[in-house]
Amino acid sequence: MTPQLSDNYMVTIAERLKSAYARIALAEKKAQKPAQSVSLLAVSKTKPVQLIIDAYQAGHRKFGESYVQEAVDKIKQLPHRDIEWHFIGPIQSNKTKPIAENFSWVQSVERIKIADRLNKQRPNNLLPLNVLIQVNISNDAAKSGCPVEEVPELAEFIAQSRQLTLRGLMTIPAQTDNEAELIASFSQLRACFDTLKTQYPSMDTLSMGMSGDVEAAITAGSTMVRIGTDIFGARDYPTQQH
Ligand SMILES: *Cc1c(COP(=O)(O)O)cnc(C)c1O
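Residues numbered from 1 in each chain as written. Predicted model: local features only at pLDDT ≥ 70, side-chain atom pairs only at ≥ 80, totals over all residues. Heavy atoms only, no water.

A.B. asks: Explain the nonpolar core to me, please; I cannot follow it from the model alone.
C.D. replies: Membership of the largest hydrophobic core comes to 65 residues, with the highest contact counts inside it found for Ile133, Ile158 and Leu169. Apart from the residues lying within four places of it in its own chain, the contact partners of Leu169 are Leu132, Ile133, Val135, Val151, Leu189, Cys192, Phe193, Leu196, Met203, Thr205, Leu206 and Ser207. (Core = buried A, V, L, I, M, F, W, Y, C linked by side-chain atoms within 4.5 Å. Buried < 20%, exposed > 50% of the residue type's maximum accessible area, 1.4 Å probe, protein only. Contact = heavy atoms within 4.5 Å.)

Here it is, written out as C-alpha cells:
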C-alpha cells in the first residue's frame, strides 16, 4: 500500500492535521481546559482511502465514517489493527450488522431498537461496542437524534447491554451564526452529560464540534471534535441531514 501521490500531497494532509491539532490546542487554552483534553476524530466520509493512509502515516488513528457500505469497503482495505473506526452516520435497522462487526465505536445511536440490534449482532470475540447516544439538543424536528427527555431510558438500556459500553453523548446542533446560541446549546448537552455520568461511570466522551464550531464546542466542554472538511477538503455530496 505504498502511497502513489506526490510528497507535496502527503505534506498537505499532514499539515492540515497539524493545523487542526493547533486549532484545538488554542481553543483548549482559551477555554482554560487542560491541554490535550479534547481528542480529534478525522471524518473521512466520501474521501478516498489514500487520504486516510496519508493521515495514518502522519500519526493519526481515529477516523469517522457515515455511510455503511463505503466505510466497510475502506475498513477491509486497511486492516491496520490500531485504527479506531467510529460510525457517525444515520443508522437504518437493516444496516446494524456490518456496523456491529466492523467498528469499535458508534456515535449515532438514537433509539432502543437500534441499540438492541447492535448488542445482539456484536460478535462475542470482539470487545463490546463503544456507544454514544446522539442527542437532538435543538429539538429541531428536521434533525436526527434522541430527544433530550428520552436519553435516560436509552442510556439505561445501553448500560444493561452486555456487548455495548455506554461511553457518552454526541450532537450536531442546528446551524446558526450566533456563537452565544451555539455555546448555550452545547452547554445544555454538557449538563446532561455531567448528570448521566454520576450514574454511569463508563461515560467519558462528549462528542461535539465540527469544522465550523470547534471553539464553541470546546468552550462548552466537548471532549471530542469531529473534523472532516478542514482536514480532507470540501465534499462533493452533502453531510448527514436526514
Ligand atoms: C460530516 C460530519 C462531520 C464533519 O463535518 P465537517 O463540517 O466536514 O467538519 C462531523 N460529524 C458528523 C456527524 C458528520 O456527519
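Moving on, there is more to tell.
A.B. asks: Is there a simple way to explain the site of the ligand in this structure?
C.D. replies: Near the ligand you find 14 residues, and of these Lys45, Ser211, Arg226, Thr229 and Arg235 are the closest. At a separation of 2.5 Å, an oxygen atom of the ligand approaches a polar side-chain atom of Ser211. A distance of 2.8 Å separates an oxygen atom of the ligand from a polar atom in the side chain of Arg235. Relative to its unbound accessible area of 380 Å², the ligand is 94% covered by the protein chains. Class assignment for the residues of the shell around the ligand results in five nonpolar, six polar and three charged. (Near = heavy atom within 4 Å. Polar contact = N/O pair within 3.5 Å; in protein donor to acceptor, adjacent residues only side chain to side chain. Areas by Shrake-Rupley, 256 points an atom, 1.4 Å probe, with all protein chains shown as cover. Nonpolar A, V, L, I, M, F, W, Y, C, P; charged D, E, K, R; others polar.)

A.B. asks: Just checking my understanding: could you explain the pattern of salt bridges for this structure?
C.D. replies: Opposite charge on two side chains permits pairing when their charged atoms draw close. Scanning the model with the defined rule gives 10 salt bridges in all. When the shortest N-O distance is used, the salt bridge between Glu215 and Arg23 registers 2.8 Å. With a gap of 192 residues between them, Glu215 in helix H8 (residues 214–219) and Arg23 in helix H1 (residues 7–30) connect regions that are remote in the sequence. Judged by its relative accessible area of 32%, Glu215 is partly exposed. On the accessibility criterion, Arg23 (22% relative accessible area) is partly exposed. For the salt bridge of Asp194 with Arg190, the shortest nitrogen-to-oxygen distance reads 3.0 Å. With Asp194 and Arg190 both in helix H7 (residues 179–199) and four residues apart, the pair spans about one turn of that helix. Ionic contacts of the salt-bridge type, sharing partners, join the residues Arg23, Glu215 and Asp230 into one network. (Salt bridge = Lys/Arg side-chain N within 4 Å of Asp/Glu carboxyl O. Helix = DSSP H or I, 4+ residues; strand = E, 2+ residues; numbered from the N terminus.)

A.B. asks: Which parts of the structure should I look at to understand the packing of helix H5 (residues 112–121) against helix H6 (residues 151–159)?
C.D. replies: Packed helix pairs are characterised by how far apart their axes lie and by the angle those axes make with each other. Where H5 meets H6, the axes come as close as 10 Å, and the angle between the chain directions of the two elements is 10°. Classed by the angle they form, the pair H5 and H6 counts as roughly parallel. Contacts from Ile112, Ala115 and Asp116 in H5 reach Glu153, Leu154, Phe157 and Ile158 in H6. Among the residues making up the contact of H5 with H6, the classes are represented as five nonpolar, no polar and two charged. (Axes fitted to C-alpha atoms, helices over the stretch in contact; angles between N-to-C directions. Parallel < 35°, antiparallel > 145°, perpendicular 65-115°, else oblique.)

A.B. asks: What's the story with the pairing of strand S3 (residues 84–87) in this structure? I'm lost.
C.D. replies: In the sheet, strand S2 (residues 62–65) pairs with S3 via four bridges, with the strands oriented parallel. Bridging across to S3, Lys62 finds its partner in Glu84. With two bridges joining them, S3 and strand S4 (residues 105–109) adopt parallel strand pairing. Bridging across to S4, His86 finds its partner in Trp105. Crossover connection from S3 via helix H4 (residues 96–102) to parallel S4: handedness right-handed. (Pairing = 2+ DSSP bridges. Right-handed = clockwise from strand over helix to strand, strands pointing away.)

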